[in-house]
Amino acid sequence: MKIQRNLSGVYIRFKNPETGKNENRCFEDLPHQEQLSLLASKEQSWILSLVIALADTINKIGDELDLEVKL
């Protein structure tokens, strides 16, 4: 299982297979297969909103930590 970092704030209701309980997990913290399953079940507008929210999170982290990839 991935480390729960809760960076994006985009929470999804998720049934944890380890505990059998429903939990709130950020999209990026879900197992890869759960991410794929969720994306397959959503409309394009929902997916676009998710991409924008994740992009905002990446930019915020980059700004706060003064990170930049030099190409």
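All chains use their own residue numbering, which begins from 1 and follows the written sequence. Side-chain atom pairs in this predicted model are given and counted only at pLDDT of 80 or more, local residue features only at pLDDT of at least 70, and totals for whole chains, interfaces and linings cover all residues. The basis for the side-chain values is all heavy atoms of the structure; hydrogens and waters are excluded.

Visitor: Before we move on, could you go through the overall build of the protein chain and cite the residues and values that matter?
Guide: Only DSSP runs of H or I covering at least 4 residues are called helices, and only runs of E covering at least 2 are called strands; the numbering of each starts at the N terminus. A tally of helices and strands in the protein chain yields two helices and two strands. When the helices and strands of the protein chain are listed from N to C terminus, the series reads β-β-α-α. In terms of principal-axis extent, the alpha carbons of the protein chain reach across some 40 × 30 × 20 Å. Note on exposure labels: buried denotes an accessible area under 20% of the residue type's maximum, exposed denotes more than 50%, and partly exposed covers the range between, all computed with a 1.4 Å probe on protein chains only. In the protein chain, which comprises 71 residues, the share counted as buried stands at 23%. It only takes one pair of heavy atoms within 4.5 Å for two residues to be counted as in contact. A separation of at least 24 residues holds for 27% of the contacts in the protein chain among residues at least 6 apart in sequence. Areas reported as accessible are Shrake-Rupley estimates using a 1.4 Å probe. Residue values count occlusion only from the protein chains shown. For the protein chain, the computed accessible surface area is about 5600 Å², with 53% contributed by carbon and sulfur atoms. Of the charged side chains in the protein chain, 9 are positive and 11 negative; the average position of the first set lies 8 Å away from that of the second. For the purpose of counting charges, residues Lys and Arg are taken to be positive, whereas Asp and Glu are taken to be negative. His and the chain ends are not included. Every charge is mapped onto a representative atom, which is NZ of Lys, CZ of Arg, CG of Asp or CD of Glu.

Visitor: Explain helix H2 (residues 44-65) to me, and be specific about the residues and the numbers.
Guide: Under the convention used throughout, the expected extent of a helix is 1.5 Å for every residue step, that is, one less than its residue count. For H2, spanning 22 residues, the distance from its first C-alpha to its last is 32 Å, which sits close to the expected 32 Å at 1.5 Å a residue. The inward-facing, buried residues of H2 abut helix H1 (32-40). Looking one or two places after H2, you find Asp 66, whose phi comes out positive at around 50°.

Visitor: Help me get a handle on the packing of aromatic side chains, residues and values and all.
Guide: In this analysis, rings of Phe, Tyr and Trp, with Trp reduced to its six-membered ring, are considered paired at centre separations within 6.5 Å, and the interplanar angle assigns stacked below 30 degrees, edge-to-face beyond 60, and tilted for intermediate values. Applying the stated criterion across every chain yields a total of zero aromatic pairs. Above the ring of Trp 46, the side-chain terminus of Lys 42 is found at 5.1 Å from the ring centroid. Both a distance and an angle decide whether a charge sits over a ring: NZ of Lys or CZ of Arg must be within 6 Å of the ring centre and within 35 degrees of the ring normal.

Visitor: Which residues make up the pairing of strand S2 (residues 22-26), and what values go with them?
Guide: DSSP-based pairing: two strands are paired if at least 2 bridges between them are found. Taken together, the five bridges between strand S1 (residues 11-15) and S2 define a ladder with antiparallel strand orientation. Across the sheet, the residue bridging to Tyr 11 is Cys 26, located in S2. Hairpin connection from S1 to S2: six residues lie between these consecutive antiparallel strands, with Gly 20 at a positive phi of about 75°.

Visitor: Please provide a residue-by-residue account of the nonpolar core, values included.
Guide: The nonpolar core is taken to be a set of buried Ala, Val, Leu, Ile, Met, Phe, Trp, Tyr and Cys residues, with the residues joined through side-chain atoms within 4.5 Å. One finds Val 10, Ile 12, Phe 14, Phe 27, Leu 30, Leu 38 and Leu 50 forming the largest nonpolar core, which totals seven residues. The residues touching Leu 30, leaving out its near neighbours within four places in the chain, are Lys 2, Ile 12, Phe 14, Arg 25, Gln 35 and Leu 38.

Visitor: Residue-level account of the pattern of salt bridges, with values.
Guide: Salt bridge, as used here: a side-chain nitrogen of Lys or Arg that lies within 4 Å of a carboxyl oxygen of Asp or Glu. Under the definition given, this model contains two salt bridges. Note that Glu 23 is salt-bridged to Arg 25, the shortest N-O span being 3.1 Å. What makes Arg 25 buried here is its relative accessible area of 4%. Across the pair Lys 70 and Glu 68 runs a salt bridge, and its minimum N-O distance is 3.4 Å. Considered together, Lys 70 and Glu 68 belong to a single accessibility category, that of exposed residues.

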